[in-house]
Amino acid sequence: MVSARSVAGQVFLLQLAVVVLLVAATVVTLAVQARHQGTEKARDEVLAVAEAFANSPGIVQALDSHDPSAVLQPLTERAQKRSGVDGIVIISTDGIRYTHPDPHQIGKHVVKGDPYWKAVRGTALTDSEVTPLGVSVFAEVPVFRPDGSVAGVVSPEIKVKKVNEAVAGQLPVLFGAAGGALALVAGGSALIGRRLLRQTRGLGPAEMTRMYEHHDAVLHAVREGVLIVGGDGRLLLANDEARRLLELPADAEQRQITDLGLTPGAAELLSSGRTATDEVHLAGDRLLAVNVRPVDRYGGPAGSVATLRDTTELRTLAGRAEVARERLQLLYDAGVRIGTTLDVVRTAEELAEMVVPRFSDFVTVELLEPVLRGEEPAEASTEMRRTASRGVRGDPPLYPAGELIRFASTNPIAAGAAGGHAVLESDLADSDGWRAQDPERARRVLDYGIHSLISVPLQARGVVLGMATFWRADASPPFGEEDLSLSEELARRAALCIDNARRYTREHTLATTLQRSLLPRTLPKQTAVEVAHRYLPAQAGAGGDWFDVIPLPGARVALVVGDVVGHGLHAAATMGRLRTSVHNFSTLDLAPDELLSHLDELVADIDHDEANGQGVTGATCLYAIYDPVSGRCTVARSGHPGPALVDPDGTVTFPDVPVSPPLGLGGSLPFETAELTVAEGSQLVLYTDGLIKDRDRDLDTGIEQLRTALADAVDRTPEATCQTVFATMLPERPRDDIALLVARTHLLDPARVADWEVPSDPAAVSHVRIDVTRQLETWGLDQVAFTTELIVSELVTNAIRYGTQPIRLRLLHDRNHLICEVADGSSTSPHLRRAATTDEGGRGLFLVAQLAQRWGTRYGACGKVIWTEQSVRDAVADPGAGLGDNLLDLWTDTEL
């Protein structure tokens, strides 16, 4: 919509006002002209009427008659009607009216004005006058006698009112034409206003003036050249800066770009209108950065706008800024890419990889021997091992990586290590100290093209760990003083990473050493299971995973796998404490759930007593007891993955073992167990979660992979199973420790098991001794018959005297051991003590302890079992002498 404030609106209103004024002036002019023409016509009419009447026949005679009025009045009345005038007056030369439209005026004198006298003197004329009846137009025409004298004057009259009526009849046509013209002009003005509105975008005059002023000021004040080029390649506008930069002539505008004397490349770019960003072109001795953008895509006409920037003076600064930017980027990348691993050698290699070829052509890194072992150097030394070497070519005649080098004191590397500062040798050919190290190798290095070096100490916490040497060769410029700061910063960052890796290596070595020292070096001999194991520390360091095989009374065996979450010395030390505790609790011959309950209380106490806040919450454990006599396995677990069971036919199952919270979190919750029946030749697979969990796989995926690895394990030894599982499951870079324990089960031959029901009668003891002796003869164990009779007699007698039914005696012949077990329904436990000289009893259990290799008590759901274990391999043929000595030891000489 056209606004009165916009240029288009104001132009429209101005045009409309001008048109209205023109139409009004035209109408007035036409009206005035019409009235003038009417008046002139009236003059002609009255003059014609007057002359016609004055020259009519008989007019003179009538004037000279004795009564002119009587003759002329009727004639004038008829002539008045025929001519349409308002009246015809005939006046004598004396001024007396002979005729008049008003009869009362006849005979009266007229006002003798100038026109009358002129007519009396013979001049015909017309005139107008204002009368009470209005404006009138009249004529004064003399009537001549034949002798030329004037006989009278004829004066016809027409009133202007008639003239106005004639003009008024023409006004409707006049105003109609004016209105049509006004409408036509207004419509054209409206169309012109709308077009102008689009072109001016609705801006007002003040806004357009301000925009033009700003545009003109900015265009000529900006320090960049601006060119506007039309779609036909003509220069439409150029500001002052563009004229200066391109040295354009004064009449450059409206000329073709190609005719302005520009370089071909610049002329082609500006005339083509293609988009360009910071294209560099020469303009005389100037180097211009040219940007070109088309304007038609933004709603403008076809063409383009180009900006020019003089970059000649900035070339040097830009080069320096680019060098500074590249160095800052190098330092940033070094901070990101050096030290990605906690490995000393790899960190040195990352430094070498980072700076070649961005800073130097070759890099060598030497470290002191203690640093490579994870130790802190006690003092500076010029003997170092080249740890990393890298270059733009693979065959430099420098010392290779891995070689132990003793640098001469004159060598820049030795000087830098001794002084703790960077050493610059910009021209190795003139460096006598460097060439003195190895003249022959120095000659080959120079022939190879290496010409300068910077050697910087790798220094952390004031301790020199080694040296980093940067070499340049061939076309690369020699190192200068400005390169020292960058090399020192690179070395400083690398030294911090190397020192961190060194300390980690030391802690990792300590933790791994502690971990391995706490794990079982050799597994105890037992016949219940055939065992193989694996342990792999995490890449981040040794942790708290452990395994164990603990022989138990009755030919049983305990299989243990545990995990302390975390890595490092603390996790390894905590693992050792837990493993020792499991051993101690196992000597009490506790059930798996009871043992885990005690272990949970221990971990909770450890957590509570930790002063540094490094609790062991998160420790897990699986404890299983396998009995080769019954072929049953009792399993309990505390937050630990359950076992895998591989049947003799190769079927893999994961038994459902109730899971309890991790150790230290159980609180008052009871631990549950699962009873598994295991066929002979089956394999029990115990493991920690590091085997089945990794960043690239979840728990379910790990379980399925383990199932696949264990499948088809028919006739596979435990050792082969461990190898297969590790080859299949082991991650490339383990994040957690992995412990694996594989146990193939065996059953004790039923022929090597003998048991008897014992009645609660002391007389039954002798029968029991006889049965035991016969069984030992069957097994070929006559050499231990006497000792076994004494042990059985004492244990059975105690069970009959102090225990309750049922009482059972069981003998187990397990290879080189004879196990005697007496069970009864009482939970009262016997205690070993030294009897006084006056006591009649109390020496039986002491005697049993002397005769047996081991003895103990274990409790079950319905009573207790007192057991002894004898070695049949080391038994002597005549045990009586030893027994006598043991009995005599019960009394002292004083007592005798």
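All of the points below concern the structure found in this document. (Residues numbered from 1 in each chain as written. Predicted model: local features only at pLDDT ≥ 70, side-chain atom pairs only at ≥ 80, totals over all residues. Heavy atoms only, no water.)

This part takes up the overall build of the protein. A count of helices and strands for the protein gives 23 helices and 31 strands. Relative to its full complement of 896 residues, the protein shows a buried share of 45%. On the protein, roughly 44900 Å² of surface is accessible, and the fraction owed to carbon and sulfur atoms is 54%. (Helix = DSSP H or I, 4+ residues; strand = E, 2+ residues; numbered from the N terminus. Buried < 20%, exposed > 50% of the residue type's maximum accessible area, 1.4 Å probe, protein only. Areas by Shrake-Rupley, 256 points an atom, 1.4 Å probe, with all protein chains shown as cover.)

In spatial order, the strands read β6-β5-β9-β8-β7; together these five strands make up an open sheet with antiparallel pairing. Looking at strand neighbours, the two that pair on one side only are β6 (235–238) and β7 (276–283), the edges of this open sheet. For this sheet, the mean angle separating the axes of adjacent strands, direction not counted, is 25°. Sheet analysis places strand β5 (residues 225–230) next to strand β9 (residues 303–310), joined by six bridges and oriented antiparallel. Bridging from a neighbouring strand, L227 pairs with A306 of β9. Contacting β5, β7, β8 (286–294) and β9, helix α8 (residues 264–272) crosses the sheet at an angle of about 145° to β7. (Pairing = 2+ DSSP bridges. Axes fitted to C-alpha atoms, helices over the stretch in contact; angles between N-to-C directions. Contact = heavy atoms within 4.5 Å.)

What follows covers the layout of surface pockets. Approximately 850 Å³ is the volume found for the largest pocket. Along the walls of the largest pocket sit 31 residues, with D627, R858, Y859, G860 and V865 positioned nearest its centre. Mapped by element, the contributors of at least two residues to the lining of the largest pocket are α17 (592–609), β19 (620–627), β20 (632–638), β28 (807–814), β29 (817–824), β30 (854–860) and β31 (863–871). In terms of residue count, the dominant contributor to the lining of the largest pocket is β29 (four residues). The residue inventory of the lining of the largest pocket, partitioned by class, reads twelve nonpolar, six polar and 13 charged. (1 Å grid on protein atoms, 1.4 Å probe; cavity = no way out; pocket = protein on both sides within 12 Å on 5 of 7 lines; lining within 4 Å. Points joined across faces, edges and corners; volume = space filled by probe spheres on them. Nonpolar A, V, L, I, M, F, W, Y, C, P; charged D, E, K, R; others polar.)

Before going further, it helps to examine empty space enclosed by the protein. Under the counting rule described, the total for this entry stands at three cavities of 30 Å³ or more. One number sums up the size of the largest cavity: a volume of about 130 Å³. Every residue lining the largest cavity is counted, 13 residues in all, and those nearest its centre are Y399, W434, Q437, R441 and W471. Of all elements in the fold, only α13 (432–437) and α14 (439–448) reach the threshold of two or more residues within the lining of the largest cavity. Residue contributions to the lining of the largest cavity peak at three residues, all from α14. Residues belonging to the lining of the largest cavity are distributed by class as follows: eight nonpolar, two polar and three charged.

Two descriptors summarise a pair of aromatic rings, namely the distance from one centre to the other and the angle between the planes of the rings. This structure, assessed with the given rule, holds four aromatic pairs. Judged by centre distance (5.5 Å) and plane angle (80°), the rings of F359 and F470 are edge-to-face. With F359 in the loop between α10 (344–355) and β10 (362–367) and F470 in strand β15 (residues 463–473), this pair connects stretches of sequence that are 111 residues apart. With a centroid separation of 5.4 Å and an interplanar angle of 45°, the aromatic rings of F359 and F479 are classed as tilted. Here F359 is found in the loop between α10 and β10, whereas its partner F479 is found in the loop between β15 and α15 (482–518), with 120 residues between them in sequence. Across the pair, exposure class does not vary: F359 and F479 are buried alike. Over the face of the ring belonging to Y448 we find R393, whose NZ or CZ atom lies 4.1 Å from the ring centre. (Phe/Tyr/Trp six-rings, centres within 6.5 Å; stacked < 30°, edge-to-face > 60°. Lys NZ or Arg CZ within 6 Å of the ring centre and 35° of its normal.)

It is worth spelling out the sheet that holds strand β25 (residues 683–687) at this point. Here we have five strands laid out as an open sheet, ordered β16-β26-β25-β21-β22, and antiparallel in their pairing. Edge positions in the sheet fall to β16 (529–536) and β22 (652–653), since each has one partner strand and no second. In the sheet, β16 pairs with strand β26 (residues 738–745) via eight bridges, with the strands oriented antiparallel. If you follow A532 over to β26, its bridge partner there is V742. Set on the sheet, helix α18 (residues 699–710) makes contact with β21 (644–646), β22 and β25; between it and β25 the angle comes to about 145°. Sheet strands in contact with helix α19 (residues 718–729) are β16, β25 and β26, and its direction is about 30° off that of β16.

Once that is clear, we can look at the environment of T797. By secondary structure assignment, the location of T797 is in helix α21 (residues 785–802). Residues T797 and A763, spaced 34 residues apart in sequence, show a C-alpha to C-alpha distance of 9.5 Å. Setting aside residues up to four positions removed in sequence, T797 forms contacts with V765 and V792.

Its place among the elements puts T688 in the loop between β25 and α18. For T688, a relative accessible area of 0% translates into the label buried. Not counting residues up to four positions away in its chain, the partners in contact with T688 are D545, V561, G562, D563, H640, D737, I738 and A739.

A few words on helix α12 (residues 412–419). An α-helical turn contains 3.6 residues, so a residue and the one three or four places further along point in the same direction. Every buried residue belonging to α12 is among P412, I413, A414, G416 and A417, and all of these are buried. Of the surrounding secondary structure, the elements contacted by the buried residues of α12 are β10, β11 (383–391), β13 (423–425), α13, β14 (450–460) and β15. A side-chain oxygen of the first residue of α12 lies 2.9 Å from the backbone nitrogen of I413; this N-cap is N411. Among the residues trailing α12, G420 stands out with phi positive, at a value near 75°. (Polar contact = N/O pair within 3.5 Å; in protein donor to acceptor, adjacent residues only side chain to side chain.)

Take the nonpolar core next. Ranked by internal contacts, the top residues of the largest apolar core, which has 47 residues, are W546, L559, V582, L596, L599, Y623 and C633. No other element matches β19, which puts six residues into this core. Among the nonpolar cores identified, the runner-up in size contains 44 residues, and L331, V371, I454 and L484 belong to it. (Core = buried A, V, L, I, M, F, W, Y, C linked by side-chain atoms within 4.5 Å.)

On to α14. Among the residues of α14, R441, A442, V445 and Y448 are the ones counted as buried. When α14 is viewed along its axis, its buried side chains cluster within an angular range of 120° and face the same direction. Exposed positions of α14 whose direction lies more than 90 degrees from the buried face are P439 and D447. The secondary structure elements touched by the buried residues of α14 are β10, α13 and β14. One or two residues past the end of α14 sits G449, with phi positive at roughly 115°. (Arc of directions from axis to C-beta.)

As a further point, take the packing of α18 against α19. The packing of two helices is summarised by the inter-axis angle and the distance between the axes. Running from N to C, α18 and α19 point in directions that differ by 140°, and their axes come no closer than 9 Å. Viewed along their axes, α18 and α19 adopt a mutual orientation that is oblique. Once α18 is placed against α19, the crossing between them reads as right-handed. Residue-level contacts link G702, Q705, L706, A709 and L710 of α18 to T721, T724, V725, T728 and M729 of α19. A class-by-class count of the residues in the contact of α18 with α19 yields five nonpolar, five polar and no charged. (Parallel < 35°, antiparallel > 145°, perpendicular 65-115°, else oblique. Left-handed = near helix turned anticlockwise from the far one by under 90°.)

Right, let's get into the packing of helix α20 (residues 764–779) against α21. Here α20 crosses α21 at 145°, and the two axes come no closer than 9 Å. Helix-helix and strand crossings are classified by hand; for α20 and α21 the assignment is right-handed. Here V765, V768, R769, V772, T773 and L776 of α20 come into contact with α21, specifically with A785, T788, E789, V792, S793, V796, T797 and I800. A per-class count over the contact of α20 with α21 returns eight nonpolar, four polar and two charged.

Another aspect to go through is a nonpolar patch on the surface. Together, L14, V18 and L22 make up a nonpolar patch on the protein surface, roughly 290 Å² of accessible area in all. As for its placement among the helices and strands, L22 is situated in helix α1 (residues 7–54). For L22, a relative accessible area of 53% corresponds to the exposed category. (Patch = residues over 30% accessible without salt bridge, like charges linked within 9 Å, V, L, I, M, F, W, Y side chains within 5 Å. Salt bridge = Lys/Arg side-chain N within 4 Å of Asp/Glu carboxyl O.)

Take the environment of A739 next. Mapped onto the elements, A739 comes out in strand β26. For the pair A739 and Y687, spaced 52 residues apart in the sequence, the C-alpha separation amounts to 5.5 Å. Sequence-distant contacts of A739, that is, excluding residues within four places in its chain, are made with R534, Y535, D545, W546, F547, L686, Y687 and T688.

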